[in-house]
Amino acid sequence: MTNSDERVTIGLPSKGALADPTLEFLSSCGMKVKQPNTRQYTANIPIMPRVDVVFQRVNDIILKVVDGTLDLGITGLDVVAEHTDPESEVIVVYEDLQYGGCKLVLAVPEAWLDVETVADLVDVALDFREQKERNLRVATKYPNLTRSFLTRHGLAHFTLVSAEGAMEAAPAMGYADIICDITATGTTLRENNLRPLADGTVIDSQACLVGNSRRLHESNAVRQTALTMLEYIEGAVASGGRYMVEADVPAESAAHLAEALANWPGTVILPATMVGAGGPWFTVKAEIGTRELLALRSALHAQGGQTVLVPPMRYRFAPDSESRQRFLGLLKHE
Amino acid sequence: MTANNHFISRPIGLRDKLSAQAAALTRTIAQLEDALTRFAYRPVETPALESAELFLTKSGDEWANRLFSFEMYGRQIGLRPELTAGIARLYVENFQHHPKPLRLRATGPVFRYESPGRATSRQFPQVDAELIGASGPAADSEILALTCRGLEAAGITDYRLVIGHVGLILSALRGFQLDQRIQRVLLAQLENLRREGRGIGYVREQVERFYAGPSEEVSAEAPNGDAAFESSLSHILESLRLGPVGNRTPAEIAARLLKKQRRARQKPELHRALAFLNELAHLSGKPGDVLPELHRILGAHGVHAGEIDAFAQTLDLLEAYEVGEVTVEMGLGRGVAYYTGINFAAYAPAGGPNAQLASGGRYDELLRLFGANQETPAIGMAFYLERILDALETAHDAPGHARFLIVALDGADRPAAIRLAEALRAEGERVEMAERGIRGALGHADKLEIPYVILIGEDERKAGTFALRKMTAHEQFTWPLDDAAGLLEKLTTTEAAS
């Protein structure tokens, strides 16, 4: 299908920890989302006119990408892992959008001083079976990931208790013994007298971009949209923590100046004319990371350089994109 | 929104069986069931859906991750991953007061969520036999023998029967003064000891995770098993008010802290037990060679296992059954989580370690766990139909298409056509009624190689006859409508003549 007016539907988080950061992130990448009305569940991205934005909960986004109702979506890697298996029609287009970081952890009551590792928990689960004649009860919103983690670690006798919200209270209320839940800082766990197990991290998660693999294959529009987003995202993500430094510096010759700036290979030196000032001048342009910023500033000023300009870097496009190659490779292997 | 008009395909990991395979399956099931019937096993049938808990209680670690389950109004339902748990439940609910031993068999599909990419199908049929309320060499050898008889009945004679003994190993491990929990943890590693790329180093690492003492901040100098110390520790825990303890009492937590500390001191015993288990895991061979070696290893490690004599008797009795190739492999790890005596598996000659045609073992504790009112020893086995059919390889003939195609030329001729068809079917013939007119019927018979087409039209009906066309010879003759038997006789003689 190469229908030129074909629409592409993308799901964005409507509420929760990923909602506002996603809009900020897209805007910082140059893909500002325009909501005609904040009460509506649809929006558009003016720079990509054929894209329709639909606001959904993170869980619904992945489920709808799986069934093809949504072509693309931004959601958490944790819910992607929970709701898909290698047979699902889903491709993770970009795995780490560098925000929304959190992890899914097993946490036990603080008072369980004897339980420090998953191996301890295996032992306690067997105690429950033998002494209390019941399974260890684990409250979680992530049954698939939790089940798979526990069995992989040899914990067989458990029962999953599904819970929506306020899960941290489950052990205190007694309807579960331990929990498996998302935490970003650990504060909520601590406030509820819960402690994550040292080796109990089920998955490290953050925001990611996913697409329905069938739609990516069938529809040129969906594929092109994914590639365009990938390019914007990668350009912006790669520019994070990088600076373009520019300064005008007097010097005997370009070679002299190059020698003084030998610590910053790749720096470009251009002949310049400084109106009202004599002698040869050069414009120095260098791309560096945060940590080198002050050292370079000192070196430039030591050479007699004028004001050192460091404008914010919006994008940084490499000649060939690794994630673009990875994505195209994934598509091919489907 | 996407138009969802693409065709609905079979879910990944499931197979269709077309006629030849379906026929082969039906035949093999009948052969296996017949073999079990000769040992006086009586059929029962249990539902494919049970409480998920039933399967998880039996052997949690093996199934928890592979069980197809779903929730219906708060009840967790699972699709059976094997037949034993269902039969065990059926026994507890229906047969506890019946005279024992009880011999039961069941047949049906089981369901397992195998990881994507594995060659195994996610639904496959099993034929299962359980001998409930019997223990000892006679019962053990019977189950081993009927496993072999079944495979032979299905047409596989070059199988290899591999026998291990979980109960014997557990019994010997008791001699190392380890706590019972650790004995089970060690046993679970049996297969890893002999698996390529794993071995004793890997296993030591796995087991030692259970031997980490309490970290320093929570460790106390505890005199060995001092009850007074334990109680004061639990008082301290209580007074700390660390918040809700999630269904464990401070006393339980204190007890386990001390247990951890005691366990950390068991490391030398652990390493001795591991060395023993490692030697055992690599012991395999003919029964006559393995038994003396087994005695030697037990002696060398200073442990004892009373089961060894009964095991020797079982192997002796098995000889009287005159079964195929038998190997004893003490490292056979199949089902170590719930078996309590012998465990075994039968393999196809060409297949790898996963190509099991059948497997089973003794499970003396399960029925009690399921609520039996007394100790009930039991042993059982299951045949894996899919693997058996793979091993048979020979192409099975499906029953062919119809031998007769009957064409009623007009609606009024239908009743006569139906009566004739029924008469022929009563004689054991395969008969198909044509849906379309004469031209379509002849084309259909030609494509499906149906040898005889019977035509009934107004003339024939009035004369009380029908016309029969031999498709191969392009001949035609008429015959009385009410003489199906005579027709078959005539066809047999003419077929024999040509």
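For the structure itself, consult the block above.
Predicted, not measured: the structure shown is a model, and the values here were computed from it. (Residues numbered from 1 in each chain as written. Chains lettered and ligands numbered in written order. Predicted model: local features only at pLDDT ≥ 70, side-chain atom pairs only at ≥ 80, totals over all residues. Heavy atoms only, no water.)

> Explain the overall build of chain B here, please?
Counting its secondary structure elements, chain B contains 19 helices and 17 strands. Of all 498 residues assigned to chain B, the portion counted as buried reaches 48%. A total accessible area of about 24300 Å² is found for chain B, and carbon and sulfur atoms account for 50% of it. (Helix = DSSP H or I, 4+ residues; strand = E, 2+ residues; numbered from the N terminus. Buried < 20%, exposed > 50% of the residue type's maximum accessible area, 1.4 Å probe, protein only. Areas by Shrake-Rupley, 256 points an atom, 1.4 Å probe, with all protein chains shown as cover.)

> Just to check I follow, could you spell out the overall build of chain A for this structure?
Secondary structure assignment for chain A yields twelve helices and 14 strands. Its C-alpha atoms give chain A a radius of gyration of 26 Å, clearly above 20 Å, the size a compact globule of 334 residues would have. Principal-axis analysis of the C-alpha atoms places the extent of chain A at approximately 90 × 55 × 40 Å. For chain A, the residues scored as buried account for 47% of the 334 residues in total. In chain A, the share of contacts with a sequence separation of at least 24, taken over all contacts with a separation of at least 6, comes to 73%. On chain A, the mean spot of the 30 positive side-chain charges and the mean spot of the 42 negative ones are 5 Å from each other. (Rg over C-alpha atoms; globule rule 2.2 N^0.38 Å. Contact = heavy atoms within 4.5 Å. Lys, Arg positive; Asp, Glu negative; His and termini not counted. Charge placed at Lys NZ, Arg CZ, Asp CG, Glu CD.)

> Could you clarify how one ought to interpret the nonpolar core in this entry?
Inside soluble globular proteins, nonpolar side chains tend to come together where they are buried. Residues W112 and L121 of chain A together with L186 of chain B are the most contacted members of the largest nonpolar core, which totals 145 residues. By size, the runner-up hydrophobic cluster in this structure holds 37 residues, among which are C29, V33, V51 and L227 of chain A. (Core = buried A, V, L, I, M, F, W, Y, C linked by side-chain atoms within 4.5 Å.)

> For this particular structure, what's the right way to read the pairing of strand β11 (residues 207-212) of chain A?
Side chains on a regular strand alternate between the two faces of the sheet. Residues and elements named next belong to chain A. Across the six residues of β11, six count as buried, placing the element largely inside the fold. In β11, alternate side chains face the same way, and those of A207, L209 and G211 on one face and C208, V210 and N212 on the other are all buried. As judged from the five bridges shared by strand β4 (residues 72-76) and β11, these two strands associate in the antiparallel manner. Across the sheet, L72 pairs through a bridge with G211, a residue of β11. Pairing of strand β5 (residues 90-94) with β11, which is carried by four bridges, proceeds in the antiparallel orientation. If you follow V92 over to β11, its bridge partner there is V210. (Pairing = 2+ DSSP bridges.)

> I keep staring at the packing of helix α5 (residues 166-173) of chain B against helix α6 (residues 180-188) of chain B and nothing clicks. Help me out?
The angle between the axes and the distance between the axes are what describe a pair of packed helices. Residue and element names in this part refer to chain B. In contact at an axis separation of 10 Å, α5 and α6 are set at 135 degrees when each is read in the N-to-C sense. The angle between α5 and α6 falls in the class oblique. For the element pair α5 and α6, the recorded crossing hand is right-handed. Of the residues in α6, those touching α5 at V166, I169, L170 and L173 are Q183, R184, L186 and L187. Considering only residue class, the contact of α5 with α6 consists of six nonpolar, one polar and one charged. (Axes fitted to C-alpha atoms, helices over the stretch in contact; angles between N-to-C directions. Parallel < 35°, antiparallel > 145°, perpendicular 65-115°, else oblique. Left-handed = near helix turned anticlockwise from the far one by under 90°. Nonpolar A, V, L, I, M, F, W, Y, C, P; charged D, E, K, R; others polar.)

> Explanation requested: the side chain of H165 of chain B in the structure shown.
Residue and element names in this part refer to chain B. Within the fold, H165 resides in strand β7 (residues 160-165). Engagement of the side chain of H165 in a polar contact is seen with the backbone nitrogen of G167, the distance being 3.3 Å. Sequence-distant contacts of H165, that is, excluding residues within four places in its chain, are made with E307, F311, M330, G341, I342 and N343. (Polar contact = N/O pair within 3.5 Å; in protein donor to acceptor, adjacent residues only side chain to side chain.)

> I would appreciate a short explanation of the packing of aromatic side chains in the present structure.
Within a pair of aromatic rings, the relevant descriptors are the distance that separates the centres and the angle that separates the planes. All names here are of chain B. Applying the stated rule across the entire model yields ten aromatic pairs over all chains. Between F176 and F276, the ring centres sit 5.3 Å apart and the planes meet at 40 degrees, which makes this aromatic pair tilted. With F176 in the loop between α5 and α6 and F276 in helix α11 (residues 267-281), this residue pair connects regions lying 100 residues apart in the sequence. Judged on exposure class, the residue F176 and its partner F276 are both buried. (Phe/Tyr/Trp six-rings, centres within 6.5 Å; stacked < 30°, edge-to-face > 60°.)

> So what exactly am I meant to see when it comes to unusual backbone geometry here?
Going from K100 of chain B to P101 of chain B, the amide bond is cis rather than trans, its omega being 0 degrees. By the secondary structure assignment, P101 of chain B is in the loop between α3 (84-94) and β5 (102-111). The backbone of Q98 of chain A sits at a positive phi, close to 70 degrees, despite the residue not being glycine. Relative to the helices and strands, Q98 of chain A resides in the loop between β5 and β6 (102-109). Backbone geometry at E449 of chain B places phi at a positive 55 degrees, although glycine is not the residue there. Structurally, the position occupied by E449 of chain B is in the loop between α17 (438-448) and β15 (452-456).

> It is not clear to me how the sheet that holds β11 of chain A should be interpreted in this structure. Could you clarify?
Note: strands within a sheet are paired through backbone hydrogen bonds, in either parallel or antiparallel orientation. All names here are of chain A. Spatially, six strands are ordered β2-β3-β1-β4-β11-β5 in an open sheet, and the strand pairing comes out mixed. Strand pairing shows two members of the sheet lacking a second neighbour, β2 (42-44) and β5, which therefore form its edges. Strand-to-strand twist in this sheet, taken as the mean axis angle between neighbours without regard to direction, amounts to 30 degrees. Both strand β1 (residues 8-13) and β4 contribute to a ladder of two bridges, which runs parallel. Considered in β4, the bridge of G11 is made with G73. Helix α1 (residues 19-28) rests against β1, β3 (51-56) and β4 of the sheet, and its axis sits at about 130 degrees to β1.

> How do you make sense of the environment of C29 of chain A when you look at a structure like this?
Residues and elements named next belong to chain A. Assignment of secondary structure puts C29 in the loop between α1 and β2. Sequence separation of C29 and A236 is 207 residues, and the distance between their C-alpha atoms is 5.3 Å. Each residue touching C29, except ones within four places of it in the same chain, is listed here: Y232, I233, A236 and Y315.

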